[in-house]
Amino acid sequence: DVYKRQGGFSVFLVPQEIPLREDDDIKIKNYIFRFYQQLEKITSELEAINLKLENPSSDDNTQNLVHKQKTLLEEMEHQQGWNIIQLYESYLKYFGLEDLQKKVISLSGGEKKKILLSLGLSAPSTLILWDEPTNHLDLDTIKRFEEELSTSQKTFLMISHDRYLLSKCTSRIVHLNNGQIDSFSGNYSDYLEHRELQETERQKLVAKLKNSLKRETEWMRQGIK
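Residues numbered from 1 in each chain as written. Predicted model: local features only at pLDDT ≥ 70, side-chain atom pairs only at ≥ 80, totals over all residues. Heavy atoms only, no water.

What follows is about the overall build of the chain. Each helix and strand counted, the chain has seven helices and six strands in total. Reading the helices (α) and strands (β) of the chain from amino to carboxyl end gives β-β-α-α-α-α-β-α-β-α-β-β-α. Reported as C-alpha extents along the three principal axes, the dimensions of the chain are approximately 115 × 40 × 35 Å. Taken over 225 residues, the chain has a buried fraction of 33%. (Helix = DSSP H or I, 4+ residues; strand = E, 2+ residues; numbered from the N terminus. Buried < 20%, exposed > 50% of the residue type's maximum accessible area, 1.4 Å probe, protein only.)

Another aspect to go through is the packing of aromatic side chains. For the structure shown, the criterion picks out nine aromatic pairs. Between F12 and Y36, the ring centres sit 5.8 Å apart and the planes meet at 25°, which makes this aromatic pair stacked. Linking F12 in strand β2 (residues 9-14) with Y36 in the loop between β2 and α1 (37-54), this pair joins segments that are 24 residues apart in sequence. In this pair, the class of F12 matches that of Y36, namely buried. Ring centres of Y91 and F95 lie 6.3 Å apart, and the angle between their planes is 20°; on these two criteria the pair is classed as stacked. (Phe/Tyr/Trp six-rings, centres within 6.5 Å; stacked < 30°, edge-to-face > 60°.)

Let us now look at the side chain of S167. In this fold, S167 is placed in helix α6 (residues 163-169). Here S167 falls in the buried class, since its relative accessible area comes to 18%. With sequence-adjacent residues up to four places away left out, S167 is seen in contact with N187, Y188 and S189. (Contact = heavy atoms within 4.5 Å.)

Packed helices, taken two at a time, are described by the angle their axes make and the gap between the axes. One way to put it is that helix α4 (residues 109-122) packs onto helix α5 (residues 139-151) with a least axis distance of 12 Å and a crossing angle of 5°. As summarised for this structure, α4 and α5 are arranged roughly parallel, according to the angle between their axes. Residue-level inspection shows K114, L117 and L121 of α4 in contact with α5, the latter providing T141, F145, E148 and L149. The residue inventory of the contact of α4 with α5, partitioned by class, reads four nonpolar, one polar and two charged. (Axes fitted to C-alpha atoms, helices over the stretch in contact; angles between N-to-C directions. Parallel < 35°, antiparallel > 145°, perpendicular 65-115°, else oblique. Nonpolar A, V, L, I, M, F, W, Y, C, P; charged D, E, K, R; others polar.)

Within the fold, E74 resides in helix α2 (residues 62-78). A C-alpha to C-alpha distance of 40 Å links E74 and L166, two positions 92 residues apart in sequence. Within polar-contact distance, the side chain of E74 engages the side chain of K70 at 2.6 Å. (Polar contact = N/O pair within 3.5 Å; in protein donor to acceptor, adjacent residues only side chain to side chain.)

The subject of this paragraph is the pattern of salt bridges. In the structure shown here, the tally under the stated rule is seven salt bridges. Ionic pairing is found between E89 and K29, a salt bridge with its closest N-O pair at 2.8 Å. Within this pair, whereas E89 is found in helix α3 (residues 81-94), its partner K29 is found in the loop between β2 and α1, the two being separated by 60 residues in sequence. The closest approach of N and O atoms between K41 and E45, which form a salt bridge, is 2.8 Å. With K41 and E45 both in helix α1 and four residues apart, the pair spans about one turn of that helix. For K41, a relative accessible area of 45% gives the class partly exposed. For E45, a relative accessible area of 25% puts it in the partly exposed group. (Salt bridge = Lys/Arg side-chain N within 4 Å of Asp/Glu carboxyl O.)

So this is what it looks like as structure tokens:
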């Protein structure tokens, strides 16, 4: 379940690879519904109602259809559905995916990654989790992605080997080192300087301890006077 909401806090996970079956024929435009199944349900019901209203039959109760349509539209608004879909499609085009009717399975690794970027950037969740977001991407797309993250008001947590991205877009580094979590406030470049300073201080301490040990060993070898 990649989309969870508990109370007022929500998390959206953007996976490293796009979830897709080998026989999947879903189109780019509709791929967003894999992450928002409730929106897919509302959209499908709205399309069915609109079709009935355009081509009414004697069995249809127009008043009931209009009432149900109104209820679904209100629910779509409550779920921020229109805004999410609009932002998703806008980001797709921003990253160069113009033909939204293309099947996702026919796309290259970089194009599939652009869909994931669009999903993450359009998500309304409180926290966005990114798993290696720049894999398979060209430099122009990475630059655009960096610009969006830099100006974003959202909170995001990222796992990445892209040191330039971490230096440009992050404000805190969490490093798992020898079973301990080291949390540092600053970007990756700042963290490297911090680590270098720590290592320098560590080496000074080791040298001091060695000198102390040497003096104590020499004193013990002299015997008690």
